[in-house]
Amino acid sequence: MCAKLLMIPGPIQFDHEVVRALSKMTCSHVDPEFREIFGDTLRGFRQIFRSEGQPFVIAGSGTLAMEMAATNVIQRGEKALVVNNGVFGDRFVSIFKAHGIDVDQIQTEWGKAADPAEIREKLESDDYKVITVTHVDTSTGIANDLEAIGNVVKDFETLYIVDAVCSLAGQRLYQDKYHVDVCLSGSQKALGVPPGLALLCFNQKAFDAHAKLKQPVECFYTSIDNWLPIMQAYERGDPSYFATPAVNLIFALHESVKQILSEGMEARFARHEKLAAMMRRGLNEMEFTLVPEDGWAANTMSAVYHNGIADADFRRQLAQEGVVVAGGLGKLKGKIFRIGHMGAVNKNDIAATLTAIQRTIEES
Ligand SMILES: Cc1ncc(COP(=O)(O)O)c(C=O)c1O
(Lines give C-alpha, C1' and ligand atoms only; values in the text may rest on other atoms or scores of the structure.)
Protein backbone atom coordinates (compact mmCIF):
# COMPACT_ATOMS: atom_id res chain seq x y z
CA MET A 1 0.00 0.00 0.00
CA CYS A 2 1.43 3.35 -1.10
CA ALA A 3 0.34 5.90 1.50
CA LYS A 4 1.84 8.86 -0.32
CA LEU A 5 0.00 11.01 -2.85
CA LEU A 6 1.30 9.89 -6.24
CA MET A 7 1.60 13.00 -8.43
CA ILE A 8 3.92 11.77 -11.18
CA PRO A 9 2.93 11.92 -14.87
CA GLY A 10 1.93 8.28 -14.83
CA PRO A 11 1.22 5.92 -13.34
CA ILE A 12 -1.21 8.14 -11.47
CA GLN A 13 -3.24 7.86 -8.27
CA PHE A 14 -6.04 5.53 -9.37
CA ASP A 15 -9.68 5.64 -8.36
CA HIS A 16 -10.58 2.99 -5.76
CA GLU A 17 -13.38 1.47 -7.85
CA VAL A 18 -10.96 1.05 -10.75
CA VAL A 19 -8.43 -0.69 -8.53
CA ARG A 20 -11.19 -2.82 -6.98
CA ALA A 21 -12.22 -3.98 -10.46
CA LEU A 22 -8.75 -5.55 -10.80
CA SER A 23 -9.46 -7.91 -7.93
CA LYS A 24 -12.62 -9.41 -9.41
CA MET A 25 -12.22 -13.14 -9.95
CA THR A 26 -10.61 -13.67 -13.34
CA CYS A 27 -12.92 -15.28 -15.86
CA SER A 28 -12.34 -16.85 -19.25
CA HIS A 29 -11.63 -14.40 -22.05
CA VAL A 30 -14.52 -16.04 -23.94
CA ASP A 31 -16.97 -15.89 -21.02
CA PRO A 32 -20.16 -14.07 -22.14
CA GLU A 33 -19.81 -11.54 -19.29
CA PHE A 34 -16.23 -10.69 -20.31
CA ARG A 35 -17.25 -10.42 -23.97
CA GLU A 36 -19.88 -7.90 -23.00
CA ILE A 37 -17.43 -5.93 -20.83
CA PHE A 38 -14.77 -5.84 -23.54
CA GLY A 39 -17.30 -4.93 -26.25
CA ASP A 40 -18.71 -2.14 -24.10
CA THR A 41 -15.20 -0.84 -23.41
CA LEU A 42 -14.31 -0.75 -27.11
CA ARG A 43 -17.53 1.08 -27.97
CA GLY A 44 -16.79 3.53 -25.14
CA PHE A 45 -13.41 4.29 -26.69
CA ARG A 46 -15.06 5.74 -29.82
CA GLN A 47 -16.40 8.46 -27.51
CA ILE A 48 -13.04 8.92 -25.79
CA PHE A 49 -11.01 9.11 -29.01
CA ARG A 50 -13.92 11.06 -30.54
CA SER A 51 -13.66 8.89 -33.63
CA GLU A 52 -15.72 6.63 -35.84
CA GLY A 53 -12.54 4.56 -36.33
CA GLN A 54 -11.67 1.13 -34.91
CA PRO A 55 -10.34 1.06 -31.34
CA PHE A 56 -7.82 -1.59 -30.27
CA VAL A 57 -7.03 -2.55 -26.67
CA ILE A 58 -3.89 -4.69 -26.44
CA ALA A 59 -1.81 -5.89 -23.48
CA GLY A 60 1.38 -3.82 -23.46
CA SER A 61 2.55 -0.33 -22.58
CA GLY A 62 2.36 2.94 -24.52
CA THR A 63 5.58 2.07 -26.36
CA LEU A 64 3.90 -1.01 -27.80
CA ALA A 65 1.08 1.23 -29.05
CA MET A 66 3.68 3.49 -30.72
CA GLU A 67 5.32 0.51 -32.43
CA MET A 68 1.97 -0.93 -33.48
CA ALA A 69 0.87 2.41 -34.96
CA ALA A 70 4.11 2.71 -36.91
CA THR A 71 4.65 -0.80 -38.21
CA ASN A 72 1.14 -1.31 -39.52
CA VAL A 73 1.19 1.62 -41.93
CA ILE A 74 4.80 2.17 -43.00
CA GLN A 75 7.64 -0.09 -44.10
CA ARG A 76 11.30 -0.22 -45.00
CA GLY A 77 11.99 2.02 -47.98
CA GLU A 78 9.35 4.58 -46.99
CA LYS A 79 9.88 7.82 -45.11
CA ALA A 80 8.55 9.09 -41.77
CA LEU A 81 8.60 12.61 -40.38
CA VAL A 82 8.82 12.89 -36.60
CA VAL A 83 7.83 16.15 -34.94
CA ASN A 84 10.18 15.93 -32.01
CA ASN A 85 9.58 18.01 -28.87
CA GLY A 86 11.43 15.78 -26.41
CA VAL A 87 12.14 12.27 -25.20
CA PHE A 88 9.03 10.70 -26.74
CA GLY A 89 9.76 12.18 -30.15
CA ASP A 90 13.21 10.57 -29.84
CA ARG A 91 11.43 7.30 -29.05
CA PHE A 92 9.43 7.42 -32.28
CA VAL A 93 12.70 8.04 -34.18
CA SER A 94 14.21 4.92 -32.53
CA ILE A 95 11.15 2.81 -33.38
CA PHE A 96 11.27 3.79 -37.07
CA LYS A 97 15.01 3.16 -37.22
CA ALA A 98 14.61 -0.23 -35.56
CA HIS A 99 12.29 -1.17 -38.44
CA GLY A 100 14.60 0.14 -41.17
CA ILE A 101 12.38 3.13 -41.98
CA ASP A 102 13.97 6.42 -43.06
CA VAL A 103 13.25 9.24 -40.63
CA ASP A 104 13.42 13.00 -40.87
CA GLN A 105 12.71 15.21 -37.90
CA ILE A 106 11.44 18.63 -37.07
CA GLN A 107 13.11 19.30 -33.75
CA THR A 108 11.74 22.07 -31.60
CA GLU A 109 13.65 23.64 -28.78
CA TRP A 110 12.58 21.80 -25.60
CA GLY A 111 9.65 23.71 -24.09
CA LYS A 112 8.42 24.95 -27.46
CA ALA A 113 5.48 23.57 -29.41
CA ALA A 114 5.69 22.68 -33.10
CA ASP A 115 4.98 25.34 -35.72
CA PRO A 116 2.31 24.21 -38.24
CA ALA A 117 3.83 26.44 -40.96
CA GLU A 118 7.19 24.67 -40.60
CA ILE A 119 5.37 21.33 -40.80
CA ARG A 120 3.67 22.40 -44.05
CA GLU A 121 7.01 23.42 -45.54
CA LYS A 122 8.59 20.11 -44.59
CA LEU A 123 5.69 18.05 -45.94
CA GLU A 124 5.93 19.95 -49.23
CA SER A 125 9.65 19.21 -49.46
CA ASP A 126 9.46 15.39 -49.58
CA ASP A 127 7.20 12.37 -49.84
CA TYR A 128 6.43 11.38 -46.25
CA LYS A 129 4.27 8.33 -45.68
CA VAL A 130 3.59 9.29 -42.05
CA ILE A 131 4.07 12.18 -39.68
CA THR A 132 4.09 11.61 -35.93
CA VAL A 133 3.25 14.22 -33.33
CA THR A 134 3.41 13.80 -29.56
CA HIS A 135 0.35 15.56 -28.16
CA VAL A 136 1.86 16.16 -24.71
CA ASP A 137 5.56 15.37 -24.48
CA THR A 138 5.94 14.17 -20.91
CA SER A 139 9.59 15.25 -20.77
CA THR A 140 8.77 18.94 -21.26
CA GLY A 141 5.05 19.28 -20.44
CA ILE A 142 4.23 21.10 -23.67
CA ALA A 143 1.02 20.43 -25.57
CA ASN A 144 1.15 20.66 -29.35
CA ASP A 145 -1.78 22.19 -31.22
CA LEU A 146 -3.09 18.99 -32.80
CA GLU A 147 -5.93 20.76 -34.58
CA ALA A 148 -3.73 23.33 -36.31
CA ILE A 149 -1.27 20.59 -37.32
CA GLY A 150 -4.15 18.40 -38.54
CA ASN A 151 -5.40 21.24 -40.73
CA VAL A 152 -2.00 21.19 -42.44
CA VAL A 153 -1.56 17.41 -42.69
CA LYS A 154 -5.03 16.90 -44.24
CA ASP A 155 -3.78 18.62 -47.41
CA PHE A 156 -1.28 15.78 -47.98
CA GLU A 157 -1.45 12.00 -48.49
CA THR A 158 0.70 11.65 -45.37
CA LEU A 159 -0.85 9.74 -42.46
CA TYR A 160 -1.17 11.65 -39.20
CA ILE A 161 -0.14 9.55 -36.17
CA VAL A 162 -0.62 11.09 -32.72
CA ASP A 163 0.98 9.88 -29.51
CA ALA A 164 -1.70 10.71 -26.94
CA VAL A 165 -0.14 8.65 -24.13
CA CYS A 166 -0.02 11.67 -21.83
CA SER A 167 -3.20 13.33 -23.07
CA LEU A 168 -6.08 11.00 -23.98
CA ALA A 169 -9.08 11.67 -21.69
CA GLY A 170 -7.36 14.70 -20.11
CA GLN A 171 -6.17 17.14 -22.75
CA ARG A 172 -8.75 18.24 -25.34
CA LEU A 173 -8.49 15.83 -28.31
CA TYR A 174 -11.03 15.03 -31.04
CA GLN A 175 -9.45 12.45 -33.35
CA ASP A 176 -11.78 12.79 -36.36
CA LYS A 177 -12.16 16.57 -36.16
CA TYR A 178 -8.37 16.95 -35.99
CA HIS A 179 -7.88 14.60 -39.01
CA VAL A 180 -5.79 12.17 -36.96
CA ASP A 181 -5.46 8.81 -38.73
CA VAL A 182 -3.96 6.75 -35.91
CA CYS A 183 -4.25 7.87 -32.32
CA LEU A 184 -2.51 5.89 -29.58
CA SER A 185 -2.30 5.89 -25.82
CA GLY A 186 -1.49 3.92 -22.66
CA SER A 187 -3.70 3.06 -19.71
CA GLN A 188 -1.72 4.52 -16.81
CA LYS A 189 -2.20 8.24 -17.34
CA ALA A 190 -5.36 10.29 -17.87
CA LEU A 191 -7.30 7.10 -18.64
CA GLY A 192 -6.77 6.21 -15.00
CA VAL A 193 -6.00 2.48 -15.21
CA PRO A 194 -2.90 0.66 -13.90
CA PRO A 195 -0.06 0.23 -16.43
CA GLY A 196 -0.30 -2.58 -18.96
CA LEU A 197 -2.74 -1.65 -21.70
CA ALA A 198 -1.98 -0.11 -25.09
CA LEU A 199 -4.85 1.71 -26.80
CA LEU A 200 -5.12 2.67 -30.44
CA CYS A 201 -7.73 3.91 -32.88
CA PHE A 202 -7.23 3.49 -36.66
CA ASN A 203 -9.42 5.34 -39.18
CA GLN A 204 -10.23 4.21 -42.73
CA LYS A 205 -7.29 6.08 -44.27
CA ALA A 206 -4.95 4.15 -41.95
CA PHE A 207 -6.60 0.82 -42.83
CA ASP A 208 -6.30 1.66 -46.54
CA ALA A 209 -2.59 2.43 -46.11
CA HIS A 210 -2.18 -0.86 -44.27
CA ALA A 211 -3.94 -2.74 -47.07
CA LYS A 212 -1.62 -1.19 -49.67
CA LEU A 213 1.66 -2.14 -47.91
CA LYS A 214 3.95 -3.82 -50.42
CA GLN A 215 5.15 -6.57 -48.05
CA PRO A 216 3.35 -8.35 -45.21
CA VAL A 217 3.79 -6.57 -41.86
CA GLU A 218 7.08 -7.69 -40.30
CA CYS A 219 5.66 -8.36 -36.86
CA PHE A 220 3.27 -10.86 -35.38
CA TYR A 221 1.92 -9.82 -31.96
CA THR A 222 1.42 -6.22 -33.10
CA SER A 223 -0.04 -6.89 -36.55
CA ILE A 224 -3.54 -5.44 -36.90
CA ASP A 225 -4.31 -8.35 -39.21
CA ASN A 226 -4.26 -10.54 -36.12
CA TRP A 227 -6.10 -8.11 -33.83
CA LEU A 228 -8.79 -6.55 -36.04
CA PRO A 229 -10.98 -9.69 -36.17
CA ILE A 230 -10.64 -10.02 -32.40
CA MET A 231 -11.74 -6.44 -31.68
CA GLN A 232 -14.64 -6.85 -34.12
CA ALA A 233 -15.67 -10.13 -32.49
CA TYR A 234 -15.67 -8.58 -29.01
CA GLU A 235 -17.80 -5.70 -30.29
CA ARG A 236 -20.31 -8.22 -31.67
CA GLY A 237 -20.15 -10.24 -28.45
CA ASP A 238 -18.68 -13.32 -30.18
CA PRO A 239 -16.03 -15.59 -28.66
CA SER A 240 -12.57 -15.17 -30.18
CA TYR A 241 -8.91 -15.70 -29.45
CA PHE A 242 -5.60 -14.56 -30.88
CA ALA A 243 -3.52 -13.90 -27.74
CA THR A 244 -4.94 -13.87 -24.22
CA PRO A 245 -6.27 -10.42 -23.30
CA ALA A 246 -5.34 -8.88 -19.92
CA VAL A 247 -8.72 -9.82 -18.46
CA ASN A 248 -8.42 -8.04 -15.10
CA LEU A 249 -6.92 -4.88 -16.58
CA ILE A 250 -9.86 -4.80 -18.95
CA PHE A 251 -12.22 -5.04 -15.96
CA ALA A 252 -10.44 -1.97 -14.57
CA LEU A 253 -10.50 -0.20 -17.94
CA HIS A 254 -14.22 -0.87 -18.25
CA GLU A 255 -14.82 0.74 -14.85
CA SER A 256 -12.69 3.73 -15.79
CA VAL A 257 -14.39 4.19 -19.18
CA LYS A 258 -17.76 4.15 -17.38
CA GLN A 259 -16.52 6.88 -15.02
CA ILE A 260 -15.02 8.95 -17.85
CA LEU A 261 -18.20 8.84 -19.92
CA SER A 262 -20.42 9.54 -16.95
CA GLU A 263 -18.32 12.63 -16.13
CA GLY A 264 -18.61 13.59 -19.82
CA MET A 265 -15.67 14.41 -22.08
CA GLU A 266 -16.26 18.17 -22.12
CA ALA A 267 -16.61 18.32 -18.33
CA ARG A 268 -13.47 16.24 -18.00
CA PHE A 269 -11.46 18.52 -20.29
CA ALA A 270 -12.74 21.54 -18.35
CA ARG A 271 -11.78 19.96 -15.00
CA HIS A 272 -8.26 19.26 -16.25
CA GLU A 273 -7.98 22.84 -17.54
CA LYS A 274 -9.11 24.26 -14.21
CA LEU A 275 -6.84 22.06 -12.09
CA ALA A 276 -3.83 22.72 -14.34
CA ALA A 277 -4.44 26.46 -14.04
CA MET A 278 -4.60 26.09 -10.24
CA MET A 279 -1.31 24.18 -10.24
CA ARG A 280 0.42 26.72 -12.48
CA ARG A 281 -0.89 29.64 -10.41
CA GLY A 282 0.46 28.06 -7.22
CA LEU A 283 3.85 27.32 -8.79
CA ASN A 284 4.08 30.87 -10.17
CA GLU A 285 3.31 32.28 -6.74
CA MET A 286 6.28 30.30 -5.41
CA GLU A 287 8.33 31.80 -8.27
CA PHE A 288 8.95 28.56 -10.09
CA THR A 289 9.42 28.68 -13.86
CA LEU A 290 7.69 26.18 -16.12
CA VAL A 291 9.56 24.46 -18.95
CA PRO A 292 6.88 25.19 -21.60
CA GLU A 293 6.68 28.61 -23.18
CA ASP A 294 3.73 30.67 -21.97
CA GLY A 295 0.47 29.39 -23.41
CA TRP A 296 1.79 25.94 -24.37
CA ALA A 297 1.73 24.12 -21.02
CA ALA A 298 -0.26 20.87 -20.94
CA ASN A 299 -3.27 20.40 -18.70
CA THR A 300 -2.30 16.87 -17.72
CA MET A 301 1.11 17.63 -16.17
CA SER A 302 3.60 20.37 -15.34
CA ALA A 303 7.35 20.36 -15.92
CA VAL A 304 9.04 22.82 -13.57
CA TYR A 305 12.59 24.16 -13.20
CA HIS A 306 13.96 23.70 -9.68
CA ASN A 307 15.15 27.26 -9.11
CA GLY A 308 18.48 25.96 -7.89
CA ILE A 309 17.16 23.44 -5.35
CA ALA A 310 19.05 20.11 -5.46
CA ASP A 311 16.93 17.72 -7.51
CA ALA A 312 17.01 14.37 -5.71
CA ASP A 313 17.06 15.99 -2.23
CA PHE A 314 14.07 18.13 -3.14
CA ARG A 315 12.04 15.15 -4.32
CA ARG A 316 13.10 13.05 -1.31
CA GLN A 317 12.01 15.79 1.10
CA LEU A 318 8.79 16.28 -0.82
CA ALA A 319 8.09 12.55 -0.51
CA GLN A 320 8.63 12.89 3.24
CA GLU A 321 5.93 15.57 3.14
CA GLY A 322 3.70 12.89 1.56
CA VAL A 323 3.81 13.80 -2.14
CA VAL A 324 5.70 11.94 -4.87
CA VAL A 325 6.69 13.86 -8.01
CA ALA A 326 8.98 12.77 -10.85
CA GLY A 327 12.43 13.95 -11.90
CA GLY A 328 13.46 15.22 -15.32
CA LEU A 329 14.06 13.05 -18.38
CA GLY A 330 16.75 13.23 -21.06
CA LYS A 331 18.65 16.49 -21.13
CA LEU A 332 16.39 17.98 -18.43
CA LYS A 333 17.38 15.25 -15.94
CA GLY A 334 18.55 16.91 -12.73
CA LYS A 335 17.18 20.30 -13.79
CA ILE A 336 13.44 19.95 -13.41
CA PHE A 337 10.73 18.10 -11.56
CA ARG A 338 7.48 16.92 -13.13
CA ILE A 339 4.02 16.80 -11.59
CA GLY A 340 1.16 14.77 -13.02
CA HIS A 341 -2.34 16.20 -12.58
CA MET A 342 -4.61 13.97 -14.60
CA GLY A 343 -7.28 11.31 -14.33
CA ALA A 344 -9.04 11.14 -10.97
CA VAL A 345 -7.08 14.12 -9.61
CA ASN A 346 -9.05 16.76 -7.68
CA LYS A 347 -8.41 20.19 -6.22
CA ASN A 348 -7.49 18.77 -2.80
CA ASP A 349 -4.66 16.85 -4.49
CA ILE A 350 -3.44 20.04 -6.18
CA ALA A 351 -3.66 22.00 -2.92
CA ALA A 352 -1.88 19.22 -0.98
CA THR A 353 0.91 19.12 -3.58
CA LEU A 354 1.40 22.88 -3.55
CA THR A 355 1.44 22.95 0.26
CA ALA A 356 4.00 20.15 0.40
CA ILE A 357 6.21 21.96 -2.14
CA GLN A 358 5.95 25.18 -0.11
CA ARG A 359 6.93 23.33 3.11
CA THR A 360 9.82 21.61 1.36
CA ILE A 361 11.19 24.92 0.11
CA GLU A 362 10.86 26.49 3.53
CA GLU A 363 12.74 23.62 5.14
CA SER A 364 15.51 23.31 2.58
C1 LIG B 1 4.08 10.91 -24.41
C2 LIG B 1 4.50 9.51 -24.12
N3 LIG B 1 4.63 8.65 -25.12
C4 LIG B 1 5.00 7.38 -24.92
C5 LIG B 1 5.27 6.92 -23.66
C6 LIG B 1 5.70 5.50 -23.47
O7 LIG B 1 4.73 4.83 -22.72
P8 LIG B 1 5.11 3.56 -21.82
O9 LIG B 1 6.08 4.02 -20.78
O10 LIG B 1 3.78 3.17 -21.25
O11 LIG B 1 5.68 2.55 -22.72
C12 LIG B 1 5.17 7.78 -22.56
C13 LIG B 1 5.47 7.32 -21.21
O14 LIG B 1 5.55 8.07 -20.28
C15 LIG B 1 4.75 9.11 -22.81
O16 LIG B 1 4.62 9.96 -21.81
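Residues numbered from 1 in each chain as written. Predicted model: local features only at pLDDT ≥ 70, side-chain atom pairs only at ≥ 80, totals over all residues. Heavy atoms only, no water.

Draft legend 1. Quick look at the packing of aromatic side chains. According to the stated counting rule, one finds 16 aromatic pairs in the structure shown. With centroids separated by 6.1 Å and ring planes inclined at 75°, the aromatic side chains of phenylalanine 34 and phenylalanine 251 adopt a geometry described as edge-to-face. Highlighted residues: phenylalanine 34 in helix H2 (residues 32–49) and phenylalanine 251 in helix H9 (residues 247–263), separated in sequence by 217 residues. Look at phenylalanine 251 and you get buried, because its relative accessible area is 4%. When the ring of phenylalanine 314 is compared with that of phenylalanine 337, the centres are 4.8 Å apart and the planes differ by 50°; the resulting orientation is tilted. Residue phenylalanine 314 is located in helix H11 (residues 311–320), and its partner phenylalanine 337 is located in strand E14 (residues 336–340); the two are separated by 23 residues in the primary sequence. Among the aromatic residues, those joined into a ring-pair cluster are Phe34, Phe38, Tyr234 and Phe251. Above the face of the phenylalanine 251 ring, lysine 24 is positioned so that its terminal group lies 4.4 Å from the ring centre. (Phe/Tyr/Trp six-rings, centres within 6.5 Å; stacked < 30°, edge-to-face > 60°. Helix = DSSP H or I, 4+ residues; strand = E, 2+ residues; numbered from the N terminus. Buried < 20%, exposed > 50% of the residue type's maximum accessible area, 1.4 Å probe, protein only. Lys NZ or Arg CZ within 6 Å of the ring centre and 35° of its normal.)

Draft legend 2. Structural detail: the site of the ligand. Every one of the 13 residues lining the ligand counts as a neighbour, but Ser61, Thr63, Thr138, Asp163 and Lys189 are closest to it. At 2.3 Å, a side-chain N or O of threonine 138 approaches an oxygen atom of the ligand. In this structure, an oxygen atom belonging to the ligand sits 2.6 Å away from a side-chain N or O atom of lysine 189. Within the complex, the protein chains bury 86% of what would otherwise be the 390 Å² of accessible surface of the ligand. Those elements giving two or more residues to the shell around the ligand turn out to be helix H3 (62–71) and helix H4 (87–98). Tallied by class, residues from the shell around the ligand come to 4 nonpolar, 6 polar and 3 charged. (Near = heavy atom within 4 Å. Polar contact = N/O pair within 3.5 Å; in protein donor to acceptor, adjacent residues only side chain to side chain. Areas by Shrake-Rupley, 256 points an atom, 1.4 Å probe, with all protein chains shown as cover. Nonpolar A, V, L, I, M, F, W, Y, C, P; charged D, E, K, R; others polar.)

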